[in-house]
Amino acid sequence: MTAQQTQLQFLPSDLKRELLPKHVAVIMDGNGRWAKLQGLPRIMGHKRGVDALKDLLRCCKDWGIQALTAYAFSTENWKRPQEEVNFLMTLFQRVLRQELQEMLEENVQIQFVGNLDALPPSLQAEISRSMAETRNNQGIRFTVATNYGGRQEILQACRAIAQKVQQGVLKPDEIDEQLFEAHLYTAGITDPDLLIRTSGEMRLSNFLLWQMAYGEIYITDALWPDFDRTEFHRALFAYQQRDRRFGKV
């Protein structure tokens, strides 16, 4: 832990614990651009990005935030160069294997959401193992969106519900928000209160389209590998200045 991380190990005094978001989601943008600025291959940006995510997870745990969701790989990311895609799949698998024991010790419950069947079998095996071994952990809930797309998630939920209607086990007038949410990848996970996107991009990029209906969005120009506890502090401070009315006056 760096000196700055140590200084921010505890919740900063200008943040109100009772106003902290319970669930934070992040779109980790800018790994490739960070590497280019450093004169490094893109893969080095992804490696550095893993370190930033690990510290954010620890920071959420240190500061009392209950859940963190990270957009690790979208359904559109398959369009990237094959070499980069292969590296990312290997990186995910290696990180899971190396970090599992620490997640167990720190009481982290890890969950993956998305179309996991399309991932390499060896990565699927590591995902299944990490989810099974951390299932009973009661600390922070860490959700990793992998091969995830918000539109695809909604479509698959619609198909599953339509099939039940066709089979006669469900009536159309029984379909409500609660039932629909039970068919999403994120079933059982609370909606994010705050979504942070790095690198200055101002779009959702097919991430949590249903779940972000009333979530607050915070954009920072910082590239993901540079997103540290100071940047997270700024995001939380900005969040606590928002007036969240949920459609009320």
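Residues numbered from 1 in each chain as written. Predicted model: local features only at pLDDT ≥ 70, side-chain atom pairs only at ≥ 80, totals over all residues. Heavy atoms only, no water.

1. Regarding a nonpolar patch on the surface
Together, L40, I43 and M44 line one region of the surface with nonpolar side chains, adding up to about 210 Å² of accessible area. As for its position among the elements, I43 is in helix α3 (residues 42–63). (Patch = residues over 30% accessible without salt bridge, like charges linked within 9 Å, V, L, I, M, F, W, Y side chains within 5 Å. Areas by Shrake-Rupley, 256 points an atom, 1.4 Å probe, with all protein chains shown as cover. Salt bridge = Lys/Arg side-chain N within 4 Å of Asp/Glu carboxyl O. Helix = DSSP H or I, 4+ residues; strand = E, 2+ residues; numbered from the N terminus.)

2. Remarks on helix α4 (residues 82–105)
The first and last C-alpha atoms of α4 sit 35 Å apart over 24 residues, in line with the 34 Å expected at 1.5 Å per residue. What α4 keeps buried is the set E84, V85, F87, L88, M89, L91, F92, Q93, L96, E99, L100 and M103. Tucked inside the fold, the buried residues of α4 contact α3, β2 (67–74), β3 (109–113), α5 (121–134) and β4 (141–148). Looking at the residues trailing α4, positive phi occurs at N107, about 65 degrees. (Expected span 1.5 Å × (residues − 1). Buried < 20%, exposed > 50% of the residue type's maximum accessible area, 1.4 Å probe, protein only. Contact = heavy atoms within 4.5 Å.)

3. Quick look at the environment of C59
Its place among the elements puts C59 in helix α3. Each C-alpha atom of the pair C59 and A162 lies 42 Å from the other, and the pair is 103 residues apart in sequence. Setting aside chain neighbours within four positions, we find C59 in contact with R229 and F232.

4. With respect to the environment of M103
Examined against the element boundaries, M103 turns out to sit in helix α4. A C-alpha to C-alpha distance of 27 Å links M103 and M212, two positions 109 residues apart in sequence. Setting aside residues no more than four positions away along its own chain, M103 makes contact with L96, V108, I110 and N137.

5. Quick word on the pattern of salt bridges
Between side chains of opposite charge, a pair can form when the charged atoms approach closely. For the structure on display, the rule yields 16 salt bridges. E99 is the partner of K54 in a salt bridge, and the nearest nitrogen-oxygen pair spans 3.1 Å. With K54 in helix α3 and E99 in helix α4, this residue pair connects regions lying 45 residues apart in the sequence. Accessibility expressed as a relative area gives 15% for E99, which makes it buried. Two residues, E126 and R97, come together in a salt bridge whose shortest N-O distance is 3.4 Å. With a gap of 29 residues between them, E126 in helix α5 and R97 in helix α4 connect regions that are remote in the sequence. Owing to a relative accessible area of 42%, R97 belongs among the partly exposed residues under this scheme.

6. Topic: the nonpolar core
Grouped together as the largest cluster of nonpolar side chains are 44 residues, with contacts concentrated most on V26, L68, F142, I196 and F232. Other than its neighbours up to four places away in sequence, F142 contacts L53, L57, L68, A70, V108, Q109, I110 and Q111. Of all hydrophobic cores here, the second largest spans 11 residues; its members include Y71, Y148, L195 and F207. (Core = buried A, V, L, I, M, F, W, Y, C linked by side-chain atoms within 4.5 Å.)

7. What about α3?
Taking 1.5 Å per residue, 22 residues should reach 32 Å; α3 reaches 32 Å between its end C-alpha atoms and fits that length. Buried within α3 are the following residues: G45, H46, G49, V50, A52, L53, D55, L56, L57, C59, C60 and W63. Backbone geometry just downstream of α3 places G64 in the positive-phi region, at approximately 90 degrees.

Function cannot be read off these values alone, since they describe shape.
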